Each structure stands twice: as C-alpha cells, then as structure tokens.
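Each chain, letter by letter, is given below.
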Amino acid sequence: MATPYIAKWGIIGAGWISSMFVEDIALARPDVTDVAHAVAAVGSRDITKAQAFIDKHIPNGGTAQQAGLAPPPVACGSYQEVFDHPDVDIIYIGTLHPTHYDDAKAALAAGKHVLVEKPATLNAAEWADLVRIATEKKLFIMEAFWTRFQPAVQALWDKLHKDKVIGNVTAVHTDFSVPNYNVLPDDHRIVGLAAAGGPLLDLGAYTMVPARIALHDNPDNKGAVPTVTCAMSKTRMGTDLSTTIVLDYPNLDARACCNTSFATRFPHDTTATIIGTGGQIIIHSVLCRITKFTIFRFTPGKTREEDKWDTPEVVDIDFPGTGLNLEADAVARDIRDGKLEDPLVTHKYTLETLDIFDECRRQGKYVLPEGMEKIGRVGA
Ligand SMILES: NC(=O)C1=CN([C@@H]2O[C@H](COP(=O)(O)OP(=O)(O)OC[C@H]3O[C@@H](n4cnc5c(N)ncnc54)[C@H](OP(=O)(O)O)[C@@H]3O)[C@@H](O)[C@H]2O)C=CC1
Ligand SMILES: O=C1OC[C@@H](O)[C@H](O)[C@H]1O
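Computed from a prediction, not measured in an experiment: that's the story for all the values here. (Residues numbered from 1 in each chain as written. Chains lettered and ligands numbered in written order. Predicted model: local features only at pLDDT ≥ 70, side-chain atom pairs only at ≥ 80, totals over all residues. Heavy atoms only, no water.)

What follows deals with the state of the cysteines. Taken as a whole, this structure holds 0 disulfides when the rule is applied. Left without a disulfide partner, Cys230 is nearest to the cysteine sulfur of Cys360, which lies 3.8 Å away. There is no disulfide at Cys257, and the cysteine sulfur nearest it, in Cys258, is 6.8 Å away. (Disulfide = S-S within 2.5 Å.)

Set out below in structure tokens:
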C-alpha cells in the first residue's frame, strides 16, 4: 500500500473544540488510506495544560503516529512555540473568536498553513486581510466549517439540483437554538461580550447551511448574493439573544428565514424545511451535524390538501466520530495537492458568511468593544 500523505498539525488552545478535533483525527478509519494525521505539537498558555490535554485526548497521537509514521506530540507553553515548531505544517486554531485574526496572522507569519475555527474572524475585513496575507505567502487558509464536508450535505445538494426532487426551491426555514441564556454565567464565551458571544457568531453559519445549499449554491442563482434583513434582540450583556436572518435571492424569487437563539431550544426532529414547487424536504439533525433528511414529493395532479405525501424518501448517512476528521482529511488533501483554498469551503464562502454577519450586526446594533476588531469596527 502507498504511504499516505501526513498532515502535521500544531494545535493552539487546549479547549473543548480542540479536544474534539484531535480525538477525531486519532480515530482509526480503515477506509481512509491516502492521508493520515499527526498531532505534532499542542500549545496552551500553560504547558501543564497542554501536556494534560495530550495525555487525555491523544495519548497515542493521530493516525500517522499510531502507524509509527511520525514522532509523538509535544506540549508547548506558548502558541508561538507551536507556530515555530519545525515538525508543524498546519496550525489548527481552537482559541476564542476575538483572537482568531491575530492567531492566524501569527501562524501565517511563521510560514504555516491555517485551519481556523468558526467564525473565522470577527468581521469580513479581518478575513479579507488574512486571505491577502496567505495568498501572498502561498499558504493555505480555511475556516473550520466542518458541516460542509458531511456526506448528507452533499447528498442534499445532489437531490435538490441534480435530481430536482422538489422542483424549484421557493423557501427555506431553519432553526439552531440552544437555551444558554441565564444558564451559563454571563461572562461565559458563549454569551459574554468579552468573547464576542451570542448565537449569531456562534451558530449563525450553521443556520444558513440549508439556505446555502438550496439557494445560494443553486446553479440558477448564478452566484448572486442575497439581500439581508435581520431582526435581533439582545442580552443584558449587549450580545445578541435571538437573531433571525432573512436572505432574499432575487434570481430565484426565493427567501430563506434562518433563526438562532440562546433563549430557546430548536424544534425536535425538524431543524430545517426546504420547500419547492414539487415537494418539501425536512432536515431532522442538528444543523452543525447533518445526517438525516426526508423528501416528500407532491403527487402530480393532486392539490396540496388532497395529497397524502405517503411515499417519503429518507436519506440517512451517519459517519464515525464527530465529523471534524472529514474536514481534516479535506485540508490534508488540499495541502498535499498544493491548493491554497478548499473547493467547498472557499475563501469566498467564508467572506460571504462574514458579510452577512456584519450586516446583521449593523442592523441589530451589535457593536463589539473598541479595539476587539483589529480591522474596522462593524456598526460603530
Ligand atoms: N466547529 C465546531 O463545531 C465548534 C467550534 N467552536 C469554535 O472554537 C472556538 C473555541 O471554542 P471552545 O473550544 O468551545 O472554547 P474553550 O473555552 O473550551 O477553549 C478556548 C481556548 O482558547 C484559549 N484561550 C486563549 N485566550 C483565552 C482567554 N483569554 N480566555 C479563555 N480562553 C482562552 C484557551 O486555551 P489555553 O488555555 O490552552 O491557552 C481555551 O482553552 C470558538 O471560536 C468557537 O466558535 C466551538 C465549538 C464547536
Ligand atoms: O460550533 C458550535 O457547534 C456546537 C455548539 O454547541 C457550539 O456552541 C458551537 O460553538
């Protein structure tokens, strides 16, 4: 068997999502033979935390280390040590939203490729600057938007646009809400202003996935950006509490209504509805990890009221682990192939997401503390 390409990761921020990421890239998957993953270094502001993270989450390293193809992970007491580590090719940034821009910039300055957690940056201008730097330095950069790599998401695109199972899409309704407010402490990163909290920046991109697949990336949309209308309510900390993003696609005469809130829970078993001229699709899974949807076709010749919709088609495609390994595999292949951006989560994909967030924050008057955004200040 040919030797796999080995992605040599440096992890910064020994927190929750970093632990999910390393556990996923340590998971044995016999079907993946072309790439393997090594966690070369883990960096924390506290070296004992970095070592404890390794011991707990990746005692045997990533798949490449388990196969004896790379040395074991090392613990570092600063992020800069990870950026400078000679065995590291790509930095995974698992720090809080407000430092994504600075951390990514420092990684690029050290000549490393970058995979940065969502939201990639606090605003579109910061992201455009990172893309400029990466492009100049011929380095890869991508937002860690793992949902886009899930097989059911690709299947959804195929059903909608190749097979046209529900005809022309006319509307999308989505919800990703978690009752975090008054449950987590006010200064928690999820809700607090110091970490640019609130559901828009935390969950907003997920709520837009069905809209992006059904409308934005619909070939008939011809790449047009939607008009954005936002309704936002606030927490006592000044972050958003509930945000509804309405996206209108004039080329399709279609609208998406994407809701996210920390005041309530998303509806059980229906997280998104995609409505077309010939039927409807219901997505059942939480919108960050999409595995299951049902297609209901209208019966030709029957009215909506007469139609029993009794032949639904269920698409159910699960995958091992959380699924962060799917994005890690894609990144490894991209870097192996000399690409500077991923074909699914492109630089433009992230820029368009951040443009929408910026517009929502302007309309909702969600202003971040002075100095937090390193370039520009949205809504000020
Ligand atoms: N893709 C996905 O599904 C998910 C993505 N995320 C994204 O990942 C990022 C991190 O979220 P999460 O892992 O939940 O957060 P955590 O609080 O668990 O971890 C964040 C890490 O950031 C580092 N850090 C650096 N400066 C600070 C600071 N001043 N205060 C606190 N921590 C600091 C810490 O690492 P150390 O102490 O080791 O230096 C900490 O462990 C967020 O931007 C979030 O949007 C989060 C969850 C899921
Ligand atoms: O990205 C995320 O996905 C899962 C959520 O629970 C978490 O808050 C968020 O950061």
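Here we come to the UniProt feature "domain: Gfo/Idh/MocA-like oxidoreductase N-terminal" (unreviewed entry) in the protein. As annotated in UniProt, the feature "domain: Gfo/Idh/MocA-like oxidoreductase N-terminal" (unreviewed entry) corresponds to residues 8-143 in the numbering used here. Span residues 8-143 is 40% helix and 21% strand, its end C-alpha atoms 18 Å apart. (UniProt positions renumbered as here; feature names shortened; annotations may be inferred. Helix = DSSP H or I, 4+ residues; strand = E, 2+ residues; numbered from the N terminus.)

Positionally, Arg148 belongs in the loop between strand E6 (141-143) and helix H7 (151-162). Those residues in contact with Arg148, other than ones at most four positions away along the chain, are Val153, Gln154, Ile213, Asp217, Leu344, Val345 and Tyr349. (Contact = heavy atoms within 4.5 Å.)

Below, the discussion takes up the confidence of the model for the protein. Mean pLDDT over the protein: 97, with 99% of residues reaching 70 or higher. The ipTM value of the predicted complex is 0.99, and its pTM value is 0.98. (pLDDT = per-residue confidence, 0-100.)

Right, let's talk about the site of ligand 1 for a bit. Close to ligand 1 lie 21 residues, the nearest being Ser44, Lys49, Tyr79, His97 and Lys118. By residue class, the composition of the shell around ligand 1 is 8 nonpolar, 7 polar and 6 charged. Both domains that meet at the shell around ligand 1, namely domain 1 (5-146 + 324-342) and domain 2 (151-318 + 352-364), each give it at least three residues. (Near = heavy atom within 4 Å. Nonpolar A, V, L, I, M, F, W, Y, C, P; charged D, E, K, R; others polar. Domains from an automatic or database assignment.)

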